[in-house]
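Structure assessment
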Amino acid sequence: VSKLTIASFNTFGVSLNFYNLTLRYKAIANYFNASDVDVIHFQEVFTYFHLALLQNSLKNYLYCQYKKSYMGPKGGLVMFSRHVLTDMRFFSFPKKFIPLQSKLELLTQKGILTSRLRNFDILLINTHLTAVINHDWSNTSRYYQELVSEINELHGVIKNNTKDAVIISGDFNIAKGSFLYKKLINLEQLFDPFKK
């Protein structure tokens, strides 16, 4: 492979309308099947029903990794790839600062899904940080300490894999320009290709 193309997509899996969910997931799969994307990082694939919709439609992606949980893929995180994925791991975010977090987030157990591509020295990371419902990313926000904790957890995973290149994608739920965004990319080996 001379180049590697990675996409990240939040599938908006919270929809309770199964008809619309099925149509949307088929449209997502059709788009990627026709693309040249090598690896897809999905978020909000909350149940095994969600996962089956994608697996049945993503015919051009033979490899799929996720951590099993009671409802479905843990954290709603799934990786699909045209190339062999190996060494999958999942790191749960400890919920320390928002004890009354939404029941959905407690059930899905947000965290970090990591994997590697065979024959590549690349660590792939897919994550979904806590949603900031009130769009307040200041240090007085009720979500601030939770996001700082999650960013620290993410940095810890990266630091423990410093020998390889790292590609992080996901739904970060952080506004660019905020202190949290600066903290997120504040590691020597990280840069944001979409910074501008």
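A brief structural summary.

Conventions used here
- Residues numbered from 1 in each chain as written.
- Predicted model: local features only at pLDDT ≥ 70, side-chain atom pairs only at ≥ 80, totals over all residues.
- Heavy atoms only, no water.
- Phe/Tyr/Trp six-rings, centres within 6.5 Å; stacked < 30°, edge-to-face > 60°.
- Helix = DSSP H or I, 4+ residues; strand = E, 2+ residues; numbered from the N terminus.
- Buried < 20%, exposed > 50% of the residue type's maximum accessible area, 1.4 Å probe, protein only.
- Lys NZ or Arg CZ within 6 Å of the ring centre and 35° of its normal.

1. Re the packing of aromatic side chains
Applying the stated rule across the entire model yields 5 aromatic pairs. Plain terms: the ring middles of Phe9 and Phe32 are 6.2 Å apart, the flat faces sit at 85° to each other, and that makes the pair edge-to-face. In this pair, Phe9 sits in strand β1 (residues 6-10) while Phe32 sits in helix α1 (residues 18-33), placing the two residues 23 residues apart along the sequence. Look at Phe9 and you get partly exposed, because its relative accessible area is 33%. Here Phe32 falls in the buried class, since its relative accessible area comes to 4%. Here Phe32 and Phe42 contribute two aromatic rings whose centre-to-centre distance is 5.9 Å and whose plane-to-plane angle is 80°, an arrangement assigned as edge-to-face. Placement of Phe32 in helix α1 and of Phe42 in strand β2 (residues 39-43) is noted, with a sequence separation of 10 residues between them. Site record: aromatic cluster; members linked through ring pairs are Phe9, Tyr31, Phe32, Phe42 and Phe80. Across the ring face of Tyr143, the terminal group of Arg142 is positioned such that the distance to the ring centre comes to 5.1 Å.

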